[in-house]
Amino acid sequence: MNQLSRRQFIGRSAAGGATLLGLSAFLNACAKSDGKTSSGGSASPLSMQAAWINDAEFMGYFIAMTNGYYAAEGIELNYLSGGPDVIPESSLLSGIAPLALTTPDSTIKAIVDDGAPFVIVGTQYQKNPIGIVSLKKSNINEPKDLIGKTLAVPPVNTITVEAMLKISGVDKSQLTIVPYAYDPTPLIKGEIDASMDFTTNVPYTISQLGEEASSFLLYDFGVTLYNDTVVVTKDALSSQRELIVKWLRASRKGWEENFKDTTKYPAMFADSYFKGTGRTIENEVFFNGAQQPLMESDGGFFSMSDEGIENNLRALSEIGIKGTKEMFDTSLLAEI
Amino acid sequence: MAGETLLKIDNVSRSFDLRGTVVHALKNVSLQVPAGSFLALIGPSGCGKSTLLRLLAGLDTPDAGALSVNGVDPFTLRQQGSIGMAFQDPALLPWRSVRKNIALPLQILKRNLDEYSARIQSLIELVGLSGFEDAVPGQLSGGMRQRVSIARALVTEPNILLLDEPFGALDEILRRQMNLELQQIWMKRRPTTVLVTHAIDEAIALADSVAVMTSRPGRVVEVVQIDLPRPRTTEMFRSTEFHAIADHLSELLFTHATA
Amino acid sequence: MSSSTGSLRRSAGSLLIVVVVWELVGKLELIAGGTFPPLSAIFGRLYDDRADYPQHLAATLRSAGIGFAVGSVIAIGCGILFAQFKMLERIFRGVSITFFAVPLIVLVPVLLLAFQGTMPRIILAIIAVYFPVMVSTLIGVRDIDPRLAEVIRVSGGTDRDVMRFVRLRAALPAIFAGLRVGGPGALLGVMLVEFGGGVRWGLGTYLLGSLGRGEPARLWGIGLLATMIAGISYGVFSWFGAYFLRTNLSTTVSMKASSTTLDSDDRYTGLQRLVLGIASFCTVLVLWSGALRLMNLSPVVARGPVAVVRYLFTGARGADARDRLLSALGETLPLAGIGLMFGLLAAFVLALLLDLFPIVGSAFFPFALISQSMPLPALTPLIVLVFGRSVLATVVVTFSVTFFPSYVTIAQALSSSPQGAIDVAESYGARRLQVLRFIRLPQAIGSLLTAARLAAPRALLGVMIAEYLATGNGLGNLLNESRGKLDYGMIWTVGAVSVTFAVLLTQIISKLERQIGRKFLV
């Protein structure tokens, strides 16, 4: 640990007496008061950066926290929600969390381009749930059907959409790509023809609004990527390896528990993790059921087979991102 | 000269740079009056009389020459709280009551206000504002506000009282009335007083000596002694002596204005 | 001010018209195929969701409150310091203008990199509060009636006594005018971070979670609630401001109407000005790199000025980065110019119209207020459905963020025509139209540049928001895409470049403004 922790840093500066820094310490105190306070004991604290706000995508972790799986492993988990402006890899780099759920494309690109000190130690989704969602009447069933259409893409998924088009032999100029602002209204109203989103989620909303949705996974059209890859920093891998293994074990247990009955836990979290998210419990139940086939694998949750890793590297190399097997470390999963 | 108490203006010059043209507000002005006397400065607009007053108040510094009262320079006098000043505009703090406006100079000099409450009250009575102690300036008439500012100038019992056309904005009747009140107040303690005015009758009614000034450049052309007995009364405004002096002063003013 | 009950009645009347028209337009699904909900549906939805709101509201108010309080203290402190030490103001002017001009959406991802918990929210609120409060404090403290200062000095007072007895108290109306603008700013800043920052509670979080439901009534409910809070804080500070203004006025002491200009450079020579300009620019760079160093961030994530230059010019992908940046600028800047022009023109015409027909003004005002504090993500689907994703949509968004502040500035100038001049004109039998032509119009033209200066950074922000939410072009999209690609160099470059252009634009207009002002004010 050659870097000062932020807490130490603020302590020193305030002692130094600089007014500005005194102020930042004050602000930090204000900011901290709504965070969790340490419960003491011998549990080791571990922060994880999730990829999005609280929804069924993260059921397993909520269950593991609620049922004490992390506590049983001696982990005091500090779960950090994500959002449109949160880049999980940035949380790793800026020391906010040593463990994050990421998209493999951006992570591997960061390793290749910037030498980011990341290692992928597991994956939540064996198949990326991202797909193309459209109204059934538009009859969009494969990437080629998008030619001449308007597709809304979240700007953070640019790499993924480029991969899909490249692999399907569609040129970017053959369709119109516009930003997707997470609201299905333009799709329902026909202002756009399709949007790129989690197929586990939006079709439900569309059906609630009285339209029939159709969707396909990018995974089924050659973009054979994982999603929510579990990424840790090299630093953490060497200094906290045990803890990460424990995290994987507890999290796997959480997911196993979840898929015993996909309708059970969403309702249980109505007054905790899902309270006031603006989404409905029915939506989470749908999501939870839809994601089950995308997560299960012979090796158990989080596992990464040699074939799966190969598939990821091949899909990425299509768009010029040259990853290597060394960026994946399956040895932690083997220790569970 | 040592030991002699007087207000001394010694060869003072002051010029301003207005958009590239140099204006000589005062050029080689010298004046001396004994301590405890009342001097009026009279002259047309732009003759530098207000500039001279600001120099005496230590609000400005001369380019050349020196000013002093009893050998002490204006800056020191100011810091000692020896100066009281009233302006053409009452310049009251609009959010303070009459009492608190009058107390302001004491607060600045960090005096204990409790010890002065009797003095403040008597000043309020002196300027005829009993019953208005807690009124704010917005609730007072123009004449009343001006009286507050005079009371404020007197509250520290200053050795030097500087008055910059304090009644300039008042109507003729009110002005005469205020002149007589001011004379009453002045006669009680006789601070060395300098009054800037452009009203000849006001100067004669109040002053022991009147310095007549002209403009471009601002300088003193003559100092006229006013030997009318005190207290001066309204009847005196109609006397022949009064008119003789007034004629002399206006002759001085107009000769030099058209020269 | 004289007919305040009359204007109150007019406002109430026009509010009623707005309510009725809104309800009808929504019910009859006249706009965007029913995407614009009727008021009854919005309030119904608010009622249904009532259990969700308290925690979100509490979280938002807490962060906004802390940020607002801390920001106000800093801004008032800086304003007082800058009024006392002019050189200090001049050196920090670059920093001040940067805080004013920086598009807040650029700051969100950067703040999230550097801070955790509520810190990013509080800091963004502080930044939103800083400029308006600092400038109005500076002006309020500096521009006092000089006679009051002389009274203090002649009584033996020092500069500190002038500050204590006169300046601080005299500045209160101006300070409250600044706080009035800062309050809604802090609220929007906090909501922006909540929306993007993976925050568990807050109105912005609720907005994000609700976006995916395709239910406009919920989105508008959140927006209206935010508008109401902004309106209340605006009203409260207006009331205090008016109270102190009243107590600061006596009939002879004239208080200057608050201006928005920083000190002019007239008393410096050309060379001094150049040196000061460079010093103020360097202060920005020093603070930028100093802050990064203090926060001890990974150099991959946090790029200082040198790193940005290196990224653009000597880096391996420098040429590619320059190309992308230039083509994005080529898309963004012209649109910002067009949007600004439209916003100003509309504001100008409307301000003049309202001067002739005041009734239209009060009818229009509620709409203007709503358009100002509705979070843009909630409005985007509507804008996209009505105007598409073309240039038009961008111009509309830009127009909507520039119009209101410009209107306020111009209308203020129109209404502050000296009554004396109007009386003279009317005594010669001038009609309303002639008064407008000979007296008010020249004044309004003068204020047009002031309005342009204040609106220019907002125009840039508006275009970037539209690009990022709707059209997928230009700087806004480049910023967003760079985040997906973890192209940190580009994120910082877009931030630096957008601030640079906003500052440049502001400075050019302010120079023009000074030159023209010199011509008119002899």
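If you're wondering where the values come from, they're calculated on a predicted model, not measured in any experiment.

Basis of the calculations
Residues numbered from 1 in each chain as written. Chains lettered and ligands numbered in written order. Predicted model: local features only at pLDDT ≥ 70, side-chain atom pairs only at ≥ 80, totals over all residues. Heavy atoms only, no water. Contact = heavy atoms within 4.5 Å. Buried area = accessible area lost by both parts, 1.4 Å probe. Salt bridge = Lys/Arg side-chain N within 4 Å of Asp/Glu carboxyl O. Polar contact = N/O pair within 3.5 Å; in protein donor to acceptor, adjacent residues only side chain to side chain. Helix = DSSP H or I, 4+ residues; strand = E, 2+ residues; numbered from the N terminus. Patch = residues over 30% accessible without salt bridge, like charges linked within 9 Å, V, L, I, M, F, W, Y side chains within 5 Å. Areas by Shrake-Rupley, 256 points an atom, 1.4 Å probe, with all protein chains shown as cover. Buried < 20%, exposed > 50% of the residue type's maximum accessible area, 1.4 Å probe, protein only. pLDDT = per-residue confidence, 0-100. Pairing = 2+ DSSP bridges. Axes fitted to C-alpha atoms, helices over the stretch in contact; angles between N-to-C directions. Nonpolar A, V, L, I, M, F, W, Y, C, P; charged D, E, K, R; others polar.

**As for the interface of chain A and chain C**
Of the residues lining the interface, 61 residues belong to chain A; the matching set on chain C comes to 66 residues. Overall, the association of chain A and chain C removes approximately 5300 Å² of surface from exposure, summing both partners, and the carbon and sulfur fraction of that is 59%. Note that Glu191 of chain A is salt-bridged to Arg389 of chain C, the shortest N-O span being 3.0 Å. Counting across the chain A and chain C interface gives 15 residue pairs in polar contact (both at pLDDT 80 or more). Those elements that provide at least two residues to the side of chain A that touches chain C are helix 1 (6-16), helix 2 (19-32), helix 5 (88-93), helix 6 (104-114), helix 7 (158-168), strand 7 (176-179) and helix 8 (185-188) of chain A. If one sorts the elements of the side of chain A that touches chain C by residue count, helix 2 of chain A sits on top with 8 residues.

**Side note on a nonpolar patch on the surface**
Residues and elements named next belong to chain C. A surface patch of nonpolar side chains, amounting to about 820 Å² of accessible area, comprises Leu16, Val20, Leu24, Leu28, Leu30, Ile31, Val386, Phe387 and Leu392. Secondary structure elements with two or more residues in the nonpolar patch: helix 1 (4-27) and helix 17 (376-387). The leading source of residues in the nonpolar patch is helix 1, at 3 residues. Relative to the assigned elements, Val386 resides in helix 17. Note on Val386: relative accessible area 41%, which makes it partly exposed.

**Quick notes on the pattern of salt bridges**
Close approach of charged atoms allows side chains of opposite charge to pair. A complete count under the given rule lists 39 salt bridges over all chains for this structure. For the salt bridge of Lys109 of chain A with Asp113 of chain A, the shortest nitrogen-to-oxygen distance reads 3.1 Å. Here Lys109 of chain A pairs with Asp113 of chain A, and both are found in helix 6, just 4 residues apart, close to one helical turn. Relative accessible area serves as the criterion here: at 35%, Asp113 of chain A is assigned to the partly exposed category. Residue Arg218 of chain C is joined to Asp49 of chain C by a salt bridge in which the shortest nitrogen-to-oxygen separation is 2.6 Å.

**Things to note about unusual backbone geometry**
Residue and element names in this part refer to chain B. For the bond from Arg230 to Pro231, the omega torsion is -5°, close enough to zero to count as cis. Here Pro231 lies in the loop between strand 9 (219-225) and helix 8 (240-258). Its identity as a non-glycine residue notwithstanding, Lys110 has a phi of 55°, on the positive side. Tracing the backbone shows Lys110 in the loop between helix 3 (98-108) and helix 4 (117-126). Its identity is not glycine, yet Arg190 carries a phi of approximately 50°, on the positive side.

**A short note on the confidence of the model for chain B**
Scored by pLDDT, chain B comes out at a mean of 87, with 97% of its residues at no less than 70. At the level of chain-chain contacts, confidence expressed as ipTM amounts to 0.87, with global pTM at 0.86.

**Here we look at the sheet that holds strand 3 (residues 99-102) of chain A**
Residues and elements named next belong to chain A. Taken together, 5 strands build an open sheet; the order of strands is 2-1-3-10-4 and the sheet is mixed. The strands lining the two open edges of the sheet, one partner per strand, are strand 2 (75-80) and strand 4 (118-125). The mean inter-strand angle of the sheet, taken between neighbouring strand axes irrespective of direction, is 25°. Relative to strand 2, strand 1 (residues 44-49) runs parallel, the two being bridged by 6 bridges. The partner of Ser44 across the bridge, within strand 2, is Ile75. Sitting on the sheet, helix 3 (residues 59-66) is in contact with strand 1, strand 2, strand 3 and strand 4, with an inclination near 140° to strand 2. Along the sheet, helix 11 (residues 241-258) makes contact with strand 1, strand 2, strand 3, strand 4 and strand 10 (227-233), crossing strand 1 at roughly 65°.

**Here's the deal with the interface of chain B and chain C**
Across the boundary between the two partners, chain B contributes 27 residues, which contact 24 residues of chain C. Buried area between chain B and chain C, summed over both chains or domains, comes out near 2200 Å², and the portion from carbon and sulfur atoms is 64%. Linking chain B to chain C there are 2 salt bridges. Between Arg147 of chain C and Asp89 of chain B there is a salt bridge whose closest N-O contact spans 3.0 Å. Put simply, chain B and chain C have 4 residue pairs in polar contact (both at pLDDT 80 or more) between them. Counting only elements with at least two residues in the side of chain B that touches chain C, the list comes to helix 2 (74-80), strand 5 (83-86), helix 3 and helix 5 (142-154) of chain B. Of the residues in the side of chain B that touches chain C, the class split is 16 nonpolar, 3 polar and 8 charged.

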